Amino acid sequence: MPEGDALHRAARRLSVLVGERVEAESPHPRAQVTGVAPRIDGRRLEAVEAVGKNLFLRFEGGITVRSHLRMSGRWRVEPRGAARVGRPWLVLRGPAHEAVLWNGPVLEVVRRPLRLGPDVLTDDLSTVRLHGPIGEALLDQRQVSGIGNVWRCEALWHARVSPWADAVAVDQREILHYAHRLMAAALDGERPRRHVYRRAGRACPRCGTPIRSRGQGDDNRIAYWCPGCQGGGGPPGE
Ligand SMILES: [Zn+2]
């Protein structure tokens, strides 16, 4: 699943088109109904910005396109006219390059960016005050943006904090530091080892206790944690 680091990589690739006037088309029928391509066709791309898990493409005339990749979306940048098989969601064609969005489940023109919390990779996090169960808070894009399920689980394991712990009772700075460090490494192409994510039932690499998993929060995203060495309690009712 694309997390914030994948979005920042996509923004870097797309930056070759910034300043260029682009031809836009949506070969995929589901993308055609979004009406995005005709709104931006022939306009100059002014900026590409990753904010949390959203990519914002700002065009001249004050038009901003939001692309959220969810599980399956991918942005690629290819030489202009590159051969391809299939129907991408959006093609932005500049003089030398074209950016191609495949399987972009969220593509829309927005008036202004959503209200998102500071980006864990690029912004000053000193003002972030997380609240609620820490595992939910780390995924709440309004509190801090860009952290997906893999890195919230791994950052909490590094910090020895249970996802069920109350955010105000734990060392938030340390947890955010781990999330930032793991994601920055992933952005640079490393593949940080996973200690708990998708390892339910297996031994914790630190203490040997079997790792647990359980859905958490309104979205019921699966939290993975070690009940042996991650303090702060378990799910409600236990
Ligand atoms: Zn453990």
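Whatever comes next refers back to the structure up there.
Computed from a prediction, not measured in an experiment: that's the story for all the values here.

On to the overall build of the protein. Each helix and strand in the protein was counted, giving six helices and ten strands. The 238 residues of the protein split such that 50% are buried. Considering only contacts within the protein whose residues lie at least 6 apart along the sequence, 61% involve residues at least 24 apart. Surface exposure of the protein reaches about 11600 Å², of which carbon and sulfur atoms provide 45%.

With five of six residues buried, strand S7 (residues 97–102) lies mostly within the body of the structure. Pairing analysis gives six bridges linking strand S5 (residues 74–79) to S7, with the strands arranged antiparallel. Residue pairing for S7: Pro79 is matched across the bridge by His97. Sheet topology places strand S6 (residues 90–93) next to S7; four bridges connect them, and they run antiparallel. Along S7, the bridge assignment pairs Leu92 with Ala99. Counting the residues between successive antiparallel strands, the hairpin from S6 to S7 contains three residues.

Moving on, we get to the state of the cysteines. Inspection of the entire model under this criterion finds zero disulfides. Considering cysteine sulfurs only, Cys226 is the nearest to Cys153, which forms no disulfide, with 13 Å between them. Under the relative-accessibility criterion, Cys153 is labelled buried at 2%.

Cut-off values and rules
- Residues numbered from 1 in each chain as written.
- Predicted model: local features only at pLDDT ≥ 70, side-chain atom pairs only at ≥ 80, totals over all residues.
- Heavy atoms only, no water.
- Helix = DSSP H or I, 4+ residues; strand = E, 2+ residues; numbered from the N terminus.
- Buried < 20%, exposed > 50% of the residue type's maximum accessible area, 1.4 Å probe, protein only.
- Contact = heavy atoms within 4.5 Å.
- Areas by Shrake-Rupley, 256 points an atom, 1.4 Å probe, with all protein chains shown as cover.
- Pairing = 2+ DSSP bridges.
- Disulfide = S-S within 2.5 Å.

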